[in-house]
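# Secondary and tertiary structure notes
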Amino acid sequence: MHTDLHELLKSLRVWDPAVTELTPFDPATAPDAPLPLFARWFADAVAAGQTEPHTMSLATADADGWPDVRIVMLHGADSDGWSFATHADSRKGRHLIARPYAALAFYWPALGRQVRVRGPVAVAPSPEGQADLHARSIGALAAALTGRQSATLGSVDELARASTAAWERAQREPDAPVPSWTLYHLSPEEVEFFQGDAQRRHVRLTYRRAESGWGTHLLWP
């Protein structure tokens, strides 16, 4: 089994020219702040047909420093920071109470690009979080109403019953409140833009917050 996995891994390609376009990136043309560049790269990923470009890895750590990571959805990126949402009593919600810092990673293989963001995380006012939830789909509301995220589940039948009840309520009450649902804003202290290169001369441009704005520097690949 391990040999089969090893052989399978060796057979795979990274950035196959048939599906990936490695666009040259000149860091000298980058803007003074990371958000405009992120918005540009995000739009490029959408235009390139990247599947689910708004999904991202979210890394947190518990009170003892044990790290965890999962895939979540980006809810926005603006002057408040990079935003995501979850239940306050979920595993990641508890992590953020204990250690209000996080890191994000976007990967857009259609362009050979990554963006990494890290910094402190703040809780948005409750009305803002509820408005964000109710601006999403009925399915998103039903999932939020089902609740108990990360708690131990007794059986798939238990989940089916709770989910069915939540869907019925979401359709009946599209503005139903979910008190535990929380919107978080990650205020970036550091943002890295990675552009892959066919010759492995990858460009890594890092922004770091300074007292008077942002400083930038390049990293060896």
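Our structure's up above, just so we're on the same page.
Residues numbered from 1 in each chain as written. Predicted model: local features only at pLDDT ≥ 70, side-chain atom pairs only at ≥ 80, totals over all residues. Heavy atoms only, no water.

### Observations regarding the packing of aromatic side chains
- Enumeration over the complete set of coordinates arrives at twelve aromatic pairs.
- Ring centres of Phe38 and Trp108 lie 6.0 Å apart, and the angle between their planes is 45°; on these two criteria the pair is classed as tilted. One end of the pair, Phe38, is in helix α2 (residues 34-47); the other, Trp108, is in strand β5 (residues 101-108), and 70 residues separate them in sequence.
- Pairwise contacts between aromatic rings join Phe25, Trp41, Phe193, Tyr207 and Trp214 into one cluster.
- Directly above the ring of Trp41 sits Arg113, whose terminal nitrogen or CZ lies 4.2 Å from the centroid. (Phe/Tyr/Trp six-rings, centres within 6.5 Å; stacked < 30°, edge-to-face > 60°. Helix = DSSP H or I, 4+ residues; strand = E, 2+ residues; numbered from the N terminus. Lys NZ or Arg CZ within 6 Å of the ring centre and 35° of its normal.)

### A few points about the pairing of strand β7 (residues 181-186)
- Across the six residues of β7, six count as buried, placing the element largely inside the fold.
- Sheet analysis places strand β4 (residues 81-87) next to β7, joined by six bridges and oriented antiparallel. Bridge assignment links Trp82 to a residue of β7, and that residue is Leu186.
- Where strand β6 (residues 113-123) lies against β7, three bridges are found, and the strand directions are antiparallel. Its bridge partner lying in β7, Ala122 is registered against His185. (Buried < 20%, exposed > 50% of the residue type's maximum accessible area, 1.4 Å probe, protein only. Pairing = 2+ DSSP bridges.)

### With respect to a nonpolar patch on the surface
- On the surface, Leu5, Leu8, Leu9 and Leu12 cluster together into a nonpolar patch covering about 420 Å² of accessible area.
- Looking at the element boundaries, Leu8 is found in helix α1 (residues 2-11). (Patch = residues over 30% accessible without salt bridge, like charges linked within 9 Å, V, L, I, M, F, W, Y side chains within 5 Å. Areas by Shrake-Rupley, 256 points an atom, 1.4 Å probe, with all protein chains shown as cover. Salt bridge = Lys/Arg side-chain N within 4 Å of Asp/Glu carboxyl O.)

### Description of helix α5 (residues 138-146)
- Within the sequence span of α5, burial applies to Ala140, Leu141, Ala142, Ala144, Leu145 and Thr146.
- Where α5 is buried, its residues touch β4, α4 (126-134), α6 (156-172) and β7. (Contact = heavy atoms within 4.5 Å.)

### Here we look at the layout of surface pockets
- When its volume is computed, the largest pocket comes out at roughly 490 Å³.
- If you trace the largest pocket, you find 25 residues lining it, with His87, Ala143, Gly147, Arg148 and Gln149 closest to the centre.
- For the lining of the largest pocket, the class distribution of residues is 13 nonpolar, eight polar and four charged.
- By volume, the second largest pocket amounts to about 260 Å³.
- Looking at the second largest pocket, it is lined by 15 residues, and the ones nearest its centre are Ala103, Arg116, Val117, Arg118 and Glu190.
- Listed by contribution, the elements that provide at least two residues to the lining of the second largest pocket are β5, β6, β8 (190-195) and β9 (203-210).
- A total of five residues in the lining of the second largest pocket trace back to one element, the largest contributor, which is β5. (1 Å grid on protein atoms, 1.4 Å probe; cavity = no way out; pocket = protein on both sides within 12 Å on 5 of 7 lines; lining within 4 Å. Points joined across faces, edges and corners; volume = space filled by probe spheres on them. Nonpolar A, V, L, I, M, F, W, Y, C, P; charged D, E, K, R; others polar.)

### Concerning the environment of Trp220
- For Trp220, the location among the structural elements is in the segment after β10 (213-218).
- In this structure Trp220 comes out as exposed when scored by relative accessible area, which is 81%.
- Residues Trp220 and Glu158, 62 residues apart in the sequence, show an inter-C-alpha distance of 51 Å.

### A few points about the nonpolar core
- Of all hydrophobic cores here, the largest spans 26 residues; its most connected members are Phe106 and Val115.
- Listing elements by their share of this core, those giving two or more residues are α2, β1 (55-61), β4, β5, β6, β7, β8 and β9.
- Residues contacting Val115, with those up to four places away along its chain left out, are Phe38, Trp41, Leu104, Ala105, Phe106, Trp108, Val191, Glu192 and Phe193.
- In terms of nonpolar packing, the next biggest core, distinct from the first, is built from 13 residues, Ala85, Ala124, Leu141 and Ala166 among them. (Core = buried A, V, L, I, M, F, W, Y, C linked by side-chain atoms within 4.5 Å.)

### Describing the side chain of Glu192
- Position of Glu192 relative to the elements: it lies in strand β8.
- Within the structure, Glu192 has its side chain in polar contact with the side chain of Arg204 (distance 2.7 Å).
- Contact partners of Glu192, with chain neighbours within four places excluded, come to Gln114, Val115, Arg116, Arg204, Leu205, Thr206 and Leu219. (Polar contact = N/O pair within 3.5 Å; in protein donor to acceptor, adjacent residues only side chain to side chain.)

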